[in-house]
Amino acid sequence: MKAISYSRYGGAETLVYGDVREPRIGPDSVLVKVRAAAVNPVDWKAREGYLDPMIDAVFPVIPGWDVSGVVVQLGVSVAEYAVGDEVIGYVREDFLSRGTFAEYVGAPVRTLARKPRNLTWEEAAGLPLAGLTAYQVLTKALQVKRGETVLVHAAAGGVGSIAVQLARHLGARVIGTAGEANHDFVRSLGGEPVTYGEGLAERVRGLAPEGVDAAFDTVGGDTLKVSANLLAPEGRLASIADGDVVGYGGRYYWVRPDAEDLTRLSELAEQGVVSVHVSETFPLERAADAYRLNERGRTRGKIVVTVDWADEAPENGAAENEAPGNKAPGNKAPENKAPENGEQ
């Protein structure tokens, strides 16, 4: 199959488009035919080796954790899905190797949910990691309640834009930092925009003189310090960008795959509570360009890579539900026998 991969840590120049081994799936996984995969900052940070102290890399690495696509094959113990089901997933394992920037990906069912029917493939691919991060931080780390005031940093970005919508759904007032060019966008999500940079504390105090009840840091550094100083008495602080948050009495949060949480997000998307803004798309073979754009920062919403299957789709649509090579990739168990392969 075709995929993007890298065989050493480094910049975007390490990314190669070409043929890689077709994935195998374990008993608790499904094979997903990828329609779209979203770019996240953690992807290129992993590629540059920043995650090496905590996550092993098995080279060559296919990057990417976000996916939308179609189930084309089931692991022998999977009963939650059927071939042909449209799904989304935050397909993160505890090592780097088998990512979503490929024609197919093996995905444990614990990482998946059904695709929101009202979202495009591109929009749906942008929901899992960013949406789960926002949802878990707001509901678990910060425990945002109705009537509270929440400060969300980078409110026009992938995580921030969803956090604004979710916090509003929870009944909170939201102040969101963003560049002036994105103020109208933040307003459209239900937030009250403030410009980041020098004087941020004063601008936030102007909107919330008593301080904010909860602050969601997505930037770290000086922004984290400012956030801590803006908290009301008993205010809560969480960061996904800077472990120093613990020194301010806050919580450092690393998002985790959770099928129940992702299903809830999918439901909220179908209800119109949460939308995903896709700023730009790239074909799979140009994934390196997508990463370069993401590395510049200041992205509104999400950047998404797509896989074009138009050349394979016959009139009856049968190709949509075919596994690589039009056959199972070696993990299907014969009747009354254990499967020979246990790898995803």
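Residues numbered from 1 in each chain as written. Predicted model: local features only at pLDDT ≥ 70, side-chain atom pairs only at ≥ 80, totals over all residues. Heavy atoms only, no water.

1. Looking at the sheet that holds strand β14 (residues 231-239)
Okay, so step 1: With parallel pairing, 6 strands are arranged side by side in an open sheet as β12-β11-β10-β13-β14-β15. Whereas interior strands pair on both sides, the edge strands pair on one side only; in this sheet they are β12 (192-194) and β15 (251-252).
Okay, so step 2: The sheet contact formed by strand β10 (residues 149-152) and strand β13 (residues 212-217) spans 3 bridges and is parallel. Looking across to β13, one finds that valine 150 is bridged to alanine 214.
Okay, so step 3: In the packing of helix α3 (residues 128-141) onto the sheet, the strands contacted are β10, β13, β14 and β15, and the crossing angle to β13 comes to about 145 degrees.
Okay, so step 4: Seen against the sheet, helix α7 (residues 222-229) touches β10, β13 and β14 and runs at an angle of roughly 155 degrees to β14. (Pairing = 2+ DSSP bridges. Helix = DSSP H or I, 4+ residues; strand = E, 2+ residues; numbered from the N terminus. Contact = heavy atoms within 4.5 Å. Axes fitted to C-alpha atoms, helices over the stretch in contact; angles between N-to-C directions.)

2. Quick notes on the packing of aromatic side chains
Two measures describe an aromatic ring pair: the distance that separates the ring centres and the angle between the ring planes.
Okay, so step 1: Within the structure shown, the criterion is met by 5 aromatic pairs.
Okay, so step 2: Centre to centre, the rings of tyrosine 6 and phenylalanine 59 are 6.2 Å apart; their planes meet at 65 degrees, and the pair counts as edge-to-face. With tyrosine 6 in the loop between β1 (2-5) and β2 (16-19) and phenylalanine 59 in strand β4 (residues 56-62), this residue pair connects regions lying 53 residues apart in the sequence.
Okay, so step 3: Geometrically, the ring pair formed by tryptophan 65 and tyrosine 90 is edge-to-face, given 6.1 Å between the ring centres and 75 degrees between the ring planes. With tryptophan 65 in the loop between β4 and β5 (66-74) and tyrosine 90 in strand β6 (residues 86-90), the pair connects residues that are 25 residues apart, well separated along the chain. Judged on exposure class, the residue tryptophan 65 and its partner tyrosine 90 are both buried. (Phe/Tyr/Trp six-rings, centres within 6.5 Å; stacked < 30°, edge-to-face > 60°. Buried < 20%, exposed > 50% of the residue type's maximum accessible area, 1.4 Å probe, protein only.)

3. Observations regarding the pattern of salt bridges
Okay, so step 1: Tallying each qualifying case throughout the model produces 14 salt bridges.
Okay, so step 2: Arginine 264 is paired through a salt bridge with glutamate 267; the nearest N and O atoms lie 3.5 Å apart. Of this pair, arginine 264 and glutamate 267 both sit in helix α8 (residues 259-270), 3 residues apart, which is roughly one turn of that helix.
Okay, so step 3: With relative accessibility at 30%, the residue arginine 264 sits in the partly exposed group.
Okay, so step 4: Among the charged side chains, a network of salt bridges with common partners joins Arg47, Glu48 and Glu295. (Salt bridge = Lys/Arg side-chain N within 4 Å of Asp/Glu carboxyl O.)

4. Remarks on helix α9 (residues 287-295)
Okay, so step 1: Among the residues of α9, Ala287, Ala288, Ala290, Tyr291, Leu293 and Asn294 are the ones counted as buried.
Okay, so step 2: Buried residues along α9 sit against β1, β3 (29-39), α1 (41-47), β16 (278-283) and β17 (302-306).
Okay, so step 3: A positive backbone phi angle near 80 degrees is found at glycine 297, which sits one or two residues after α9.

5. Details of the side chain of aspartate 43
Okay, so step 1: Looking at the secondary structure, you find aspartate 43 in helix α1.
Okay, so step 2: Nearest to the buried, unbridged aspartate 43 among oppositely charged side chains is lysine 302, at 7.3 Å.
Okay, so step 3: Setting aside chain neighbours within four positions, we find aspartate 43 in contact with Ala38, Gly64, Trp65, Phe101 and Tyr291. (Lys, Arg positive; Asp, Glu negative; His and termini not counted.)

6. Topic: α8
Okay, so step 1: A rise of 1.5 Å per residue sets the reference length of α8, with its 12 residues, at 16 Å; its end C-alpha atoms lie 16 Å apart and thus fit the reference within 8%.
Okay, so step 2: The set of residues buried in α8 consists of Asp261, Leu262, Leu265, Ser266, Leu268 and Ala269. Seen from one end, α8 has its buried residues packed into an arc of 160 degrees, which puts them on one side.
Okay, so step 3: Contacts from the buried residues of α8 go to β6, β9 (112-114), α3 and α4 (158-169).
Okay, so step 4: Capping the start of α8, aspartate 258 holds a side-chain oxygen 3.0 Å from the backbone nitrogen of glutamate 260, two or three residues further along.
Okay, so step 5: In the stretch just after α8, glycine 272 is the one whose phi turns positive, near 85 degrees. (Expected span 1.5 Å × (residues − 1). Arc of directions from axis to C-beta. Polar contact = N/O pair within 3.5 Å; in protein donor to acceptor, adjacent residues only side chain to side chain.)

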